[in-house]
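# Fold and geometry: a report
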Amino acid sequence: MTGPLPYGQLRSWVDEVLGVPRTATQKEIKSAFRKLARQYHPDVTGSDPEATRKFKEINEGSCRGGGSPPPSGSHAHANMRQ
């Protein structure tokens, strides 16, 4: 992992991977992350390689946003509405 993404790249990641509009609130972003994380979690999907890849992509992007995934609350997503 290379560290936090610059704001523009993070915003692009949020738009593309989480499928939320550019105008999404922090609450909507957090909800989209949780929904996708549950949907693609290995405990739910078993050994589906595509679901595992998607789950890793979701978590990789959120961690590169500045730390922990959205449920923790301490990362760049909290400051995205600047």
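The text that follows walks through the structure, step by step, so that each part is easy to find.

The rules we used
- Residues numbered from 1 in each chain as written.
- Predicted model: local features only at pLDDT ≥ 70, side-chain atom pairs only at ≥ 80, totals over all residues.
- Heavy atoms only, no water.
- Helix = DSSP H or I, 4+ residues; strand = E, 2+ residues; numbered from the N terminus.
- Buried < 20%, exposed > 50% of the residue type's maximum accessible area, 1.4 Å probe, protein only.
- Contact = heavy atoms within 4.5 Å.
- Areas by Shrake-Rupley, 256 points an atom, 1.4 Å probe, with all protein chains shown as cover.
- Core = buried A, V, L, I, M, F, W, Y, C linked by side-chain atoms within 4.5 Å.
- Expected span 1.5 Å × (residues − 1).
- Arc of directions from axis to C-beta.

### Focus: the overall build of the protein chain
Within the protein chain, the regular secondary structure consists of four helices and zero strands. The helix and strand sequence of the protein chain, counted from the amino end, reads α-α-α-α. Classification of the 82 residues of the protein chain by burial places 32% in the buried group. When contacts within the protein chain are restricted to residue pairs at least 6 apart in sequence, those whose partners lie at least 24 apart make up 50%. Only carbon and sulfur atoms are counted for the fraction: they give 53% of the accessible area of the protein chain, which is about 5000 Å².

### As for the nonpolar core
Looking at soluble globular proteins, one finds that nonpolar side chains tend to be buried together. W13, V14, L18, V20, I29, F33 and I58 are the most contacted members of the largest nonpolar core, which totals 14 residues. Only α1 (7-17), α2 (26-40) and α4 (49-64) provide two or more residues apiece to this core. Element by element, the count of residues in this core is highest for α2, at five residues. Excluding its chain neighbours within four sequence positions, the residues that come into contact with I58 are W13, V17, F33, L36, A37 and Y40.

### A word on α2
In a regular helix each residue adds 1.5 Å, so 15 residues correspond to 21 Å; α2 covers 21 Å between its end C-alpha atoms and thus fits that length. For α2, the complete set of buried residues consists of I29, A32, F33, L36 and A37. When α2 is viewed along its axis, its buried side chains cluster within an angular range of 125° and face the same direction. Away from the buried face of α2 by more than 90 degrees, exposed residues K27, K35 and R38 are located.

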